[in-house]
2 protein chains.
Amino acid sequence: MPKTPTVYDVADLAGVSIATVSRVFRKPHKVSQATKDRVNAAVLNLGYVPSGSARSLAARRAGAIGLCFPDFDGIDGGPAPIVYADGRVIEQLDPPEDVEPSGDLYLSEVMLGTEIEAWRHGMAVTIAVARGDEIFDNLAGRVDGMITLSRTVPEGLLAHIARHIPVVVIAGTRAGDDYDHIGTDNVAGMQAMTRHVVDAHGVRDLAFVGGPADSPDDHDRFEGFRMGLHAEGIELPSEPLLRGDFTRSHGRMLGRRLVEAGRVPRALVCSNDQTALGVLDALLATGLRVPEDVIVTGFDGIDASQTSRPRLTTVRQPMRELGRAAVDTLLRRLGDPLMPPQTGTLPVTVLLRESCGCLA
Amino acid sequence: MPKTPTVYDVADLAGVSIATVSRVFRKPHKVSQATKDRVNAAVLNLGYVPSGSARSLAARRAGAIGLCFPDFDGIDGGPAPIVYADGRVIEQLDPPEDVEPSGDLYLSEVMLGTEIEAWRHGMAVTIAVARGDEIFDNLAGRVDGMITLSRTVPEGLLAHIARHIPVVVIAGTRAGDDYDHIGTDNVAGMQAMTRHVVDAHGVRDLAFVGGPADSPDDHDRFEGFRMGLHAEGIELPSEPLLRGDFTRSHGRMLGRRLVEAGRVPRALVCSNDQTALGVLDALLATGLRVPEDVIVTGFDGIDASQTSRPRLTTVRQPMRELGRAAVDTLLRRLGDPLMPPQTGTLPVTVLLRESCGCLA
DNA sequence: TTGTATGCGTTATCAA
DNA sequence: TTGATAACGCATACAA
């Protein structure tokens with residue numbers, strides 16, 4: 001296997017200087033057509049691909065954006081997958097158990113948005129899991145800026161990195177830091193949702209089913225819930241009725257617990273869709289009717305919320321736009337490092353569907 | 001804003017040579033504890049982050065894997081998202097229209113698998129959209145190897161890149177190329193699915209609802225369908241009854257067309273889940289019962305297949321494992337460039353649920 | 001329009 | 001255990 005070709009090889013073969021070869025790639029308009037042709041022929045001939053590292057080093061820019069992935073459950077992944085091709089197929093009954101749908105749609109959508117927007121600006125996206133410092137500042141060193149979900153990177157590390165490249169935090173309010181932030185309007189969204197249940201459906205017996213106590217999203221949503229109640233002149237709880245961990249299976253558990261305790265309120269306002277769907281599962285399983293007996297609402301607007309029966313009334317947050325806005329903010333910051341810290345908030349939409357009784 | 005610090009700055013501050021600074025990062029065991037402490041202090045003090053490009057250039061390896069994303073619909077993304085924070089919330093009725101769920105779960109899962117496995121091996125993942133050459137060999141130049149979904153990169157370009165770095169193709173059979181391939185057992189899976197419908201449910205009137213004619217996956221699945229019929233002594237169709245484009249909305253259209261034409265067979269074996277779900281929607285909408293009147297089966301095992309009513313009997317392919325296997329193959333190839341071209345096939349599982357009548 | 005020469009920030013090879 | 005120094009492959013300012 002021959003050494004991989006460099007500018008020098010291409011230059012030699014084309015009978016030009018390396019500067020010209022470089023120009024053909026970077027400033028084609030400053031090279032005569034004849035020369036361009038010769039160089040391109042040499043490139044094809046040799047199978048030349050410019051070295052990204054050398055290019056980044058010389059140009060002092062990486063041309064890539066870093067995306068820092070939270071270290072979610074299941075990322076361990078266990079052993080490498082089996083690979084065989086003997087045509088065997090396992091056949092199994094698959095009852096509707098407490099299965100957790102695989103993908104975290106939220107993450108996927110954010111990633112997709114990031115990817116789309118970065119691509120539009122000619123940037124690549126490099127992804128790394130935020131576990132341990134190793135691979136992580138492996139990331140920081142190879143990108144022009146970084147996007148991270150709130151609470152995925154230890155604060156000390158993040159601060160260290162932020163001295164070097166701009167950082168944009170998605171979801172999570174500014175906590176005395178100087179990063180740029182992009183979030184969705186959790187408070188207003190949940191407030192509107194709450195008021196809708198009260199106003200449109202005449203319900204005054206609402207309870208909030210929360211998520212992890214340390215989630216800023218959950219915090220804001222509960223606050224929105226309280227503000228909604230307050231606006232309606234309903235007494236405010238100081239704590240959510242119950243807390244889950246944002247998963248559907250946990251939601252089911254909470255739902256069952258509620259039923260067993262015999263204290264199911266007229267409406268359950270849940271902090272995210274997965275929890276709401278789990279609650280829904282549990283209620284229906286015990287013969288309760290939604291929305292006739294209990295109203296259930298969610299937050300996020302994941303796909304599953306519109307395929308459930310009844311479909312879930314929820315607050316949709318523009319997940320893909322979250323990623324896009326983060327990239328936009330990052331690029332703006334790159335263009336103007338002295339700009340004051342930005343805080344972007346994306347609007348949400350209350351989607352009225354069957355689970356609140358707006359549609360049959 | 002001060003110049004970003006380099007090894008030289010760290011070395012100066014710590015009173016050592018740049019070689020030692022480098023060692024502290026690469027071979028910590030070859031440096032005395034005292035020196036290490038001094039260097040680390042300097043690093044923290046200066047906010048030093050090693051340059052990925054310089055590192056890759058000198059080490060002759062990028063430490064990253066490239067993932068090439070197909071240029072799917074909707075990637076244009078339109079204008080940048082609106083960002084405001086005035087607390088306004090739109091509220092809208094959301095009837096169950098012909099909405100297409102947003103994310104392509106298949107892609108997301110493959111990406112996730114890639115990410116997971118790469119992370120386990122200390123590699124970053126760089127993603128780029130396969131549109132135009134520009135950003136694309138931007139990718140090739142900055143990674144140690146590349147994973148691509150079949151048919152996402154023009155063959156000429158791929159060949160060019162493959163001269164430079166190893167390429168692994170996901171989904172899609174070898175077509176005279178020398179790349180490594182990873183796929184799932186489409187043929188065996190669909191054959192097993194087909195035979196199940198015949199054997200367990202006594203159906204001999206089956207039809208195949210296919211996907212795009214140029215999809216290798218679809219081709220293999222139809223072939224599996226035919227093999228299943230053949231094994232059961234049932235006459236073989238030479239073509240699918242209908243073809244969609246693998247989307248749910250198109251599936252709905254096909255379902256409606258079937259009903260209107262008045263020729264709905266006893267069982268509809270669909271080439272993927274989205275198509276099957278669309279068909280399901282259409283059948284139910286016209287009052288037909290599934291599985292009592294018509295059996296519907298899918299392929300892929302996306303989340304939506306287990307939240308539909310009835311839930312979809314399908315062939316699950318391990319999407320996440322696909323990504324993982326691709327990374328494993330790539331790393332093995334990197335370790336042994338002379339290895340003959342590999343072809344990996346991952347096993348599939350037939351999941352028996354309500355839509356075929358195995359479960360009530 | 002093209003060529004020359006220097007610098008980019010590491011790693012790695014030798015010596016010490 | 002540490003240090004000096006030569007690559008690494010490209011971009012770019014400056015000359016021609």
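Going by the structure above, here's the rest.
Quantities reported herein were computed from a predicted structural model and do not represent experimental measurements.

Caption draft 1: Main features of the protein's contact with DNA strand D. Taken together, 26 residues surround DNA strand D, and among them Val7(A), Ser22(A), Tyr48(A), Thr35(B) and Arg60(B) come closest. Near-protein atoms of DNA strand D (within 4 Å) split between backbone and bases, with sugar and phosphate holding 60%. Here Ser32(B) contributes a backbone N or O atom positioned 3.1 Å from a phosphate oxygen of DNA strand D. Looking at the surface near DNA strand D, the elements that each hand over two or more residues are α1 (7-14), α2 (18-26) and α4 (52-59) of chain A together with α2 (18-26) and α4 (52-59) of chain B.

Caption draft 2: Helix α10 (residues 248-260) of chain A, seen in detail. Residue and element names in this part refer to chain A. Under the 1.5 Å per step criterion, the end-to-end length of α10 is 18 Å for 13 residues, consistent within 8% with the ideal 18 Å. Those residues of α10 not exposed but buried are Arg248, Gly251, Arg252, Leu254, Gly255 and Leu258. The buried residues of α10 occupy an angular sector of 165° when projected down its axis, which confines them to one face. At its buried positions, α10 is contacted by β7 (206-210), β8 (242-243), β9 (267-270) and α11 (273-285). Phi for glycine 262, located one or two positions after α10, is positive at around 65°.

Caption draft 3: Structural context of the packing of aromatic side chains. Enumeration according to the criterion identifies 8 aromatic pairs over all chains in this entry. Geometrically, the ring pair formed by Phe25(A) and Tyr48(A) is edge-to-face, given 5.8 Å between the ring centres and 65° between the ring planes. Within this pair, whereas Phe25(A) is found in helix α2, its partner Tyr48(A) is found in the loop between α3 (33-46) and α4, the two being separated by 23 residues in sequence. Classification of Phe25(A) as partly exposed rests on a relative accessible area of 29%. Judged by centre distance (6.2 Å) and plane angle (25°), the ring pair of Phe222(B) and Phe225(B) falls under stacked. Here Phe222(B) and its partner Phe225(B) are both found in helix α9 (residues 216-231), 3 residues apart, which amounts to about one turn of the helix. One cation-aromatic arrangement involves Arg221(B) over Phe299(B); the distance from NZ or CZ to the ring centre is 4.0 Å.

Caption draft 4: Region of the structure containing a positive patch on the surface. Among the surface-exposed residues, Arg23(A), Arg26(A), Lys27(A), Lys30(A) and Arg61(A) lie close enough to one another that they form a single positively charged patch. Residue placement: Arg61(A) occurs in the loop between α4 and β1 (64-69).

Caption draft 5: Structural view of the protein's contact with DNA strand C. The full set close to DNA strand C counts 28 residues, and Thr20(A), Arg23(A), Thr35(A), Val7(B) and Ser22(B) are the nearest of them. Here the atoms of DNA strand C within 4 Å of the protein split so that 60% fall in sugar or phosphate, with bases taking the remainder. The set of elements that each furnish at least two residues to the surface near DNA strand C consists of α2 and α4 of chain A together with α1 (7-14), α2 and α4 of chain B. Here the surface near DNA strand C gets 5 residues from one element, more than from any other, and that element is α4(B). Of the residues assigned to the surface near DNA strand C, the class counts are 16 nonpolar, 7 polar and 5 charged.

Caption draft 6: Fine view of the packing of α2(A) against α3(A). All names here are of chain A. α3 packs onto α2 with a crossing angle of 95° between their chain directions and a minimal axis gap of 10 Å. It follows that α2 is roughly perpendicular to α3 by the angle criterion. Side by side, α2 and α3 meet where Thr20, Val21, Val24 and Phe25 of the first sit next to Thr35, Lys36, Val39, Asn40 and Val43 of the second. Tallied by class, residues from the contact of α2 with α3 come to 5 nonpolar, 3 polar and 1 charged.

Calculation criteria
- Residues numbered from 1 in each chain as written.
- Chains lettered and ligands numbered in written order.
- Predicted model: local features only at pLDDT ≥ 70, side-chain atom pairs only at ≥ 80, totals over all residues.
- Heavy atoms only, no water.
- Near = heavy atom within 4 Å.
- Polar contact = N/O pair within 3.5 Å; in protein donor to acceptor, adjacent residues only side chain to side chain.
- Helix = DSSP H or I, 4+ residues; strand = E, 2+ residues; numbered from the N terminus.
- Expected span 1.5 Å × (residues − 1).
- Buried < 20%, exposed > 50% of the residue type's maximum accessible area, 1.4 Å probe, protein only.
- Arc of directions from axis to C-beta.
- Contact = heavy atoms within 4.5 Å.
- Phe/Tyr/Trp six-rings, centres within 6.5 Å; stacked < 30°, edge-to-face > 60°.
- Lys NZ or Arg CZ within 6 Å of the ring centre and 35° of its normal.
- Patch = residues over 30% accessible without salt bridge, like charges linked within 9 Å, V, L, I, M, F, W, Y side chains within 5 Å.
- Areas by Shrake-Rupley, 256 points an atom, 1.4 Å probe, with all protein chains shown as cover.
- Salt bridge = Lys/Arg side-chain N within 4 Å of Asp/Glu carboxyl O.
- Lys, Arg positive; Asp, Glu negative; His and termini not counted.
- Charge placed at Lys NZ, Arg CZ, Asp CG, Glu CD.
- Nonpolar A, V, L, I, M, F, W, Y, C, P; charged D, E, K, R; others polar.
- Axes fitted to C-alpha atoms, helices over the stretch in contact; angles between N-to-C directions.
- Parallel < 35°, antiparallel > 145°, perpendicular 65-115°, else oblique.

Purely geometric stuff here, so don't read any function into it on its own.
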